[in-house]
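The residues making up each chain are set out below.
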Amino acid sequence: INPNIGLENMMLNSLRVLKAKWTGLRSLQGRLGYVSRQFLSMNFPREDYPVMPQFNHVPDKYSGPSKLDLFAQRKQFLNPALFHYYKEPLLITEGKMQYLFDETGRRFLDAFAGIVTVSVGHCHPKVVDAMRRQNQLLQHTTSIYLNEQMCEYAKELAEHMPGDLKVCYFVNSGSEANDLALLMARLHTSNSDVICLRNGYHGMSPTTMGLTGLHTWKYPVSQGAGVHHAVTPNSYRGPHGHDATKYVEDVKDLIGTATPGQVAAFICESIQGVGGTVPLVPGYLAPVYSEVRRAGGVCIADEVQTGFGRTGSNFWGFESHGVVPDIVTLAKGAGNGFPLAVVVTTPQVAASLTQRLHFNTYGGNPVACAAGRAVLEVIEEEGLQQNCAAVGSHLLQRLHLLAEKHTIIGDVRGSGLMLGVELVTDRDTKIPAKAETAQVFERMKDLGVLLGKGGLHGNVFRIKPPMCFSMEDADYLCDTMDIALSEL
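Treat the numbers as computed from the prediction; the structure is a model and nothing was measured. (Residues numbered from 1 in each chain as written. Predicted model: local features only at pLDDT ≥ 70, side-chain atom pairs only at ≥ 80, totals over all residues. Heavy atoms only, no water.)

In this section: the sheet that holds strand β14 (residues 418-423). The sheet built from 4 strands is open, its strands ordered β13-β14-β17-β16 with antiparallel pairing. At either margin of the open sheet sits one strand with a lone partner, and together these are β13 (409-415) and β16 (452-454). Looking at each pair of strands side by side, their axes are set apart by 25 degrees on average, direction ignored. In terms of strand pairing, β14 meets strand β17 (residues 460-463) through 4 bridges, oriented antiparallel. Each bridged residue has a counterpart across the sheet, and for leucine 419 the counterpart in β17 is isoleucine 463. Strands in contact with helix α14 (residues 384-405) are β13, β14 and β17; relative to β13, the strand with the most contacts, it is inclined by about 170 degrees. (Pairing = 2+ DSSP bridges. Helix = DSSP H or I, 4+ residues; strand = E, 2+ residues; numbered from the N terminus. Axes fitted to C-alpha atoms, helices over the stretch in contact; angles between N-to-C directions. Contact = heavy atoms within 4.5 Å.)

The next point concerns the sheet that holds strand β2 (residues 99-102). Reading across the sheet, the 4 strands line up as β1-β2-β3-β15 and stay open at both edges, with mixed pairing between neighbours. A strand with exactly one partner marks an edge of an open sheet, and here the two such strands are β1 (92-96) and β15 (449-450). Two elements, β1 and β2, share 4 bridges in a ladder whose sense is antiparallel. By the bridge assignment for β2, glutamate 94 is matched with phenylalanine 101.

Turning our eyes to something else, we now look at the packing of aromatic side chains. Summed over all chains, the structure comprises 12 aromatic pairs. Judged by centre distance (6.3 Å) and plane angle (20 degrees), the ring pair of tyrosine 85 and phenylalanine 112 falls under stacked. Of this pair, tyrosine 85 sits in the loop between α4 (67-77) and β1 while phenylalanine 112 sits in the loop between β3 (107-110) and α5 (113-116), and the two are 27 residues apart along the sequence. Exposure remark for tyrosine 85: the relative accessible area of 26% places this residue in the partly exposed category. By relative accessible area, which is 6% here, phenylalanine 112 ends up buried. Ring plane angle 15 degrees and centroid distance 4.7 Å describe the contact between tyrosine 86 and phenylalanine 441, whose orientation is recorded as stacked. Placement of the pair is tyrosine 86 in the loop between α4 and β1 and phenylalanine 441 in helix α15 (residues 434-446), with a sequence separation of 355 residues. (Phe/Tyr/Trp six-rings, centres within 6.5 Å; stacked < 30°, edge-to-face > 60°. Buried < 20%, exposed > 50% of the residue type's maximum accessible area, 1.4 Å probe, protein only.)

Counted by the stated rule, this structure contains 2 cavities of 30 Å³ or more. Counted as a void, the largest cavity has a volume near 50 Å³. Lining the largest cavity, in full, are Val116, Ser119, Val304, Gln305, Gly307, Phe308, Arg310, Lys332, Gly333 and Met467. Here the residues of the lining of the largest cavity sort into 4 nonpolar, 4 polar and 2 charged. Taken as a whole, the second largest cavity holds about 30 Å³ of empty space. If you trace the second largest cavity, you find it lined by His140, Thr141, Thr142, Ser143, Asn147, Met150, Thr361, Tyr362, Gly363, Gly364 and Asn365. (1 Å grid on protein atoms, 1.4 Å probe; cavity = no way out; pocket = protein on both sides within 12 Å on 5 of 7 lines; lining within 4 Å. Points joined across faces, edges and corners; volume = space filled by probe spheres on them. Nonpolar A, V, L, I, M, F, W, Y, C, P; charged D, E, K, R; others polar.)

What follows concerns the state of the cysteines. A full pass over the atoms with the stated rule returns 0 disulfides. Not engaged in a disulfide, the cysteine cysteine 196 finds its nearest cysteine sulfur in cysteine 268; these two sulfurs lie 9.8 Å apart. Residue cysteine 196 is classed as buried on the basis of its relative accessible area, which comes to 0%. Looking at the unpaired cysteine 299, the closest cysteine sulfur is the one in cysteine 268, lying at 8.7 Å. We classify cysteine 299 as buried; its relative accessible area is 0%. (Disulfide = S-S within 2.5 Å.)

Bringing the pattern of salt bridges into the picture now. All told, the structure shown has 20 salt bridges when counted by the stated rule. Arginine 413 is paired through a salt bridge with glutamate 422; the nearest N and O atoms lie 2.8 Å apart. Accessibility assignment for this pair places arginine 413 and glutamate 422 in one class, buried. Here the salt bridges share partners, and the residues they tie into one network are Arg237, Asp411, Arg413 and Glu422. (Salt bridge = Lys/Arg side-chain N within 4 Å of Asp/Glu carboxyl O.)

By secondary structure assignment, the location of threonine 189 is in helix α8 (residues 174-189). Relative accessible area serves as the criterion here: at 15%, threonine 189 is assigned to the buried category. Polar contacts involving the side chain of threonine 189 include one to the main-chain carbonyl oxygen of alanine 185, which spans 2.8 Å. Excluding anything up to four places from it in sequence, threonine 189 contacts Val263, Ala264, Gly296, Gly297 and Val298. (Polar contact = N/O pair within 3.5 Å; in protein donor to acceptor, adjacent residues only side chain to side chain.)

Low pLDDT means the predicted atomic positions in that stretch should not be read closely. Taken residue by residue, the chain gives an average pLDDT of 92. The fraction at 70 or more is 90%. With pLDDT under 50 throughout, residues 1-5 is counted as low confidence; its partners more than four residues away or in other chains account for 4 contacts. The model gives residues 22-44 a pLDDT under 50, and that stretch makes 19 contacts with residues more than four places away or in other chains. (pLDDT = per-residue confidence, 0-100.)

What follows deals with helix α16 (residues 471-486). In this model, α16 (16 residues) spans 23 Å end to end at C-alpha, consistent with the 22 Å of a helix rising 1.5 Å per residue. Within the sequence span of α16, burial applies to Asp473, Ala474, Tyr476, Leu477, Cys478, Thr480, Met481, Asp482, Ile483, Ala484 and Leu485. (Expected span 1.5 Å × (residues − 1).)

Right, let's talk about the pairing of β2 for a bit. Neither face of β2 is left uncovered, since the one carrying Tyr99 and Phe101 and the one carrying Leu100 and Asp102 both have all their residues buried. Linking two consecutive strands that pair antiparallel, namely β1 and β2, is a turn of 2 residues; a positive phi of about 55 degrees is found at methionine 97 within it. In this sheet, β3 lies alongside β2 in antiparallel orientation, the contact comprising 3 bridges. Bridged to tyrosine 99 within β3 is leucine 109. Remark: 4 residues form the turn of the hairpin made by β2 and β3, two consecutive strands paired antiparallel; glycine 105 in that turn has positive phi of roughly 90 degrees.

Counting residues in each nonpolar core, the largest one holds 96 residues, and the members touching the most others are Phe266, Tyr284, Phe308, Leu399, Leu451, Leu477 and Met481. With 9 residues, the top contributor of residues to this core is helix α13 (residues 366-381). Those residues in contact with leucine 477 that sit more than four places away from it in its chain are Leu109, Ala111, Leu395, Met444, Val449, Leu451, Ile463 and Phe469. Counting 24 residues, the second-largest nonpolar core is a separate cluster that includes Tyr169, Val171, Val343 and Leu353. (Core = buried A, V, L, I, M, F, W, Y, C linked by side-chain atoms within 4.5 Å.)

Okay, here's the thing in structure tokens:
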């Protein structure tokens with residue numbers, strides 16, 4: 001093998017030659033049936049297609065069950081509510097930094113990071129080593145004993161927080177964190193009503209489902225007692241455009257008419273994630289915080305997706321709005337894919353839980369905390385917040401250029417490496433281009449790029465890759481999106 005030639009390019013060239021020879025033997029097709037038809041229908045990249053950036057990693061040979069067998073097992077043994085991406089689901093067997101590999105060894109550029117969860121890169125060696133070392137010492141205790149990893153991680157997280165946000169409570173998921181934050185808020189204020197935003201997503205527990213403002217994620221069961229959804233300050237689809245004042249007035253009206261005039265909390269994401277990467281209108285959050293606190297409530301920042309430098313401009317998404325919340329919830333990128341979530345608050349709010357006993361079996365697990373500490377170290381050592389800012393800015397510019405070329409792109413938005421591209425059939429009516437989004441989504445997978453989808457109508461590409469994403473990766477993503485859009 002010539003080391004100067006990418007292994008993948010060599011494989012593709014060999015496959016092209018093989019396909020040409022196979023075509024000459026089409027008389028065998030009837031006898032070989034399904035196998036030959038599948039092979040002849042495969043889409044091999046044309047020679048003028050963009051080439052994925054070089055990456056020095058050879059995945060292990062996969063020797064497990066076949067994709068068909070696993071798919072059959074999934075349908076038989078896993079709950080049918082668990083959906084999968086793509087018409088033909090991918091079998092992912094290995095990940096390394098910003099890339100994923102399937103059972104054949106094919107490499108994919110991961111632009112969705114396990115639903116915005118892999119922060120510093122798949123199987124980052126420093127995170128893997130920290131977890132390995134802790135696994136060899138102690139896999140699990142609970143918070144009933146002292147443990148170095150839990151205490152040190154709490155201290156290190158607190159050092160990254162502004163103001164008096166210095167007390168941590170460890171849990172395992174974003175839903176758990178938001179659930180606990182709401183409990184703290186209600187205990188601390190002795191109020192019950194909560195203000196949140198339409199189009200927001202805060203989890204799938206019975207409590208957080210009530211906070212969520214998307215019907216697609218809300219089961220028809222009793223939920224959301226005392227929860228009131230304000231109009232989302234969405235500059236693209238919101239009724240007031242960029243006018244932050246009118247969106248603030250909606251919150252004031254909710255407090256004055258739908259609550260007793262006193263509230264427990266206001267909770268929102270800095271950039272709505274599942275709802276389609278929707279940034280809040282500038283100038284909205286600070287006056288809303290003031291109104292909520294005037295009504296006796298506390299302010300909760302859901303940083304499950306926007307935290308740890310992903311937005312580029314700041315370490316926490318709320319910082320770009322010039323506010324300091326009373327409670328912050330963290331998850332996803334905190335553990336780089338390992339189950340780890342945190343509620344960070346002030347000593348005064350934290351003390352509210354001492355009214356009764358409270359406990360979380362896996363919260364503060366030493367292996368999880370070791371992963372969390374390693375994530376913080378890698379973000380600092382490798383300048384990943386700065387990388388999000390630089391690569392994200394370049395990617396945003398490239399996406400805006402695509403919008404100039406393809407009128408189906410209605411909006412490009414976001415910050416850092418938390419970006420969204422919304423497709424519409426008409427820029428004036430803004431009718432969601434659901435079918436076209438699905439087609440481009442599939443085609444980009446064929447070309448080697450894995451995106452996320454979101455928004456109420458599933459017409460927004462969610463571009464939220466691992467934070468080690470490079471300029472070359474950004475260019476490859478845009479080049480493949482250009483091809484997929486041109487084929488519509």
